[in-house]
Amino acid sequence: MNAVLTGSRIRTFLALCKLKVVSLIVFTAVVGMFLSVPGMVPLDVLVFGSLGIGMAASSAAAINHLLDARADEVMVRTRNRPLPTGQLGRRQVLLFALILAVLSMIILVAFTNSLTAILTFASLIGYAIVYTAWLKRATPQNIVIGGAAGAAPPVLGWVAVTGDIHAHALILFLIIFVWTPPHFWALAIYRRHDYAAADVPMMPVTHGVEFTRWQILFYSIILVLVTLLPWLTGMSGLVYLAGASVLNIGFLGYAIAMLKPRNEQIAMKMFSYSVLYLMMLFAFLLLDHYLPL
């Protein structure tokens, strides 16, 4: 019985970490690590760098739960999270987030370098405090400005290995930065009534669905152009270019379909595809790095 309760408690705390999001964050960070060197990444940096970045991202997610608790109670999508349901208290969530943050910094300083720890901490603060506590309710451009924190992981991975920020790492940052608005606005369109009820000024709430659909298309076009940069700069070759081209056709197809949707589900389909898109795009970057044409 105690084991069952302990297992249930662990799952409750893990729910604070948004593990699906964190797994994508860690994956892009790992790709950044491998792209930074011609050969293999040192095993200790790979393991502990991934762990430190993942723990910092989990800490930011837990703080997001804490600061968004009242809004989460209102929104259908989030009302079953640990805080709204009373499974955990605010002090427990805060302590959990702080422990993760401290441990992540210790790990990154000890096994990577101080610059990685500083940049990771800045990203944590950027998402957990600047975005969640301020930008999210300050402007409908919240996800555009706040996307900088979410775009940092490949740079963090790169710096963890090399100790410096390379122009190619900034290209990876730019890809995720431009990808974030159409990715999130698709979800915001589908959940616009939730955001309106929670008084969160997401673009579909403040500017309407039609305007947001056009913004998704404009950002999608920019994304296609930005994803050509790895090939244009010689960072990647034809394997990446071919994979990115196929993925971009799908992304643009969804963005165009969003203009005249036959049903509300197209927004969620685009949202789901955008997650797969980013994962596969970085997978092609990694594949091309070791199997260039």
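Residues numbered from 1 in each chain as written. Predicted model: local features only at pLDDT ≥ 70, side-chain atom pairs only at ≥ 80, totals over all residues. Heavy atoms only, no water.

Some words on helix H5 (residues 90–111)
Inference 1: In this model H5 runs 32 Å from its N-terminal to its C-terminal C-alpha over 22 residues, within 8% of the 32 Å that 1.5 Å per residue would give.
Inference 2: Within H5, the full set of buried residues consists of Val 93, Phe 96, Ala 97, Leu 100, Ala 101, Ser 104, Met 105, Ile 107 and Leu 108. Each buried residue of H5 lies within a common arc of 165° when the element is viewed along its axis, so the set occupies one face. Turned more than 90 degrees away from the buried face of H5, the exposed residues are Arg 91, Leu 95, Ile 106 and Ala 110. (Helix = DSSP H or I, 4+ residues; strand = E, 2+ residues; numbered from the N terminus. Expected span 1.5 Å × (residues − 1). Buried < 20%, exposed > 50% of the residue type's maximum accessible area, 1.4 Å probe, protein only. Arc of directions from axis to C-beta.)

Quick look at the packing of aromatic side chains
Inference 1: With the rule as written, the count across this model stands at 11 aromatic pairs.
Inference 2: Each ring, one from Phe 173 and one from Phe 177, has its centre 5.9 Å from the other, and the planes form 10°; the classification is stacked. In this pair, Phe 173 and Phe 177 are both assigned in helix H9 (residues 167–190), four residues apart and thus about one turn of the helix distant.
Inference 3: Residue Phe 177 is classed as partly exposed on the basis of its relative accessible area of 23%. (Phe/Tyr/Trp six-rings, centres within 6.5 Å; stacked < 30°, edge-to-face > 60°.)

Quick notes on the environment of Pro 42
Inference 1: Summarising the element assignment, Pro 42 is placed in the loop between helix H2 (19–35) and helix H3 (43–67).
Inference 2: By relative accessible area, which is 40% here, Pro 42 ends up partly exposed.
Inference 3: Spatially, the C-alpha atoms of Pro 42 and Val 161 are 7.8 Å apart, while their sequence positions differ by 119 residues.

Considerations on the nonpolar core
Inference 1: In terms of nonpolar packing, the biggest core is built from 55 residues, with Ile 175, Trp 179, Tyr 195, Tyr 277 and Phe 282 touching the most fellow members.
Inference 2: For this core, the secondary structure elements donating two or more residues are H2, helix H6 (114–138), helix H7 (142–150), helix H8 (153–162), H9, helix H12 (209–226), helix H14 (238–257) and helix H15 (265–290).
Inference 3: A per-element tally of this core places H9 first, with 13 residues.
Inference 4: Each residue touching Trp 179, except ones within four places of it in the same chain, is listed here: Leu 24, Leu 223, Phe 251, Ser 274, Val 275, Tyr 277 and Leu 278.
Inference 5: Core analysis: the next-biggest nonpolar cluster, separate from the first, contains 38 residues, Val 37, Leu 46, Ala 97 and Leu 124 among them. (Core = buried A, V, L, I, M, F, W, Y, C linked by side-chain atoms within 4.5 Å. Contact = heavy atoms within 4.5 Å.)

Details of the environment of Gly 32
Inference 1: For Gly 32, the location among the structural elements is in helix H2.
Inference 2: By relative accessible area, which is 0% here, Gly 32 ends up buried.
Inference 3: Remark: the alpha-carbon pair of Gly 32 and Phe 271, spanning 239 residues in sequence, is separated by 24 Å.
Inference 4: Leave out the neighbours within four places in its chain, and Gly 32 touches Pro 154, Gly 157, Trp 158 and Leu 172.

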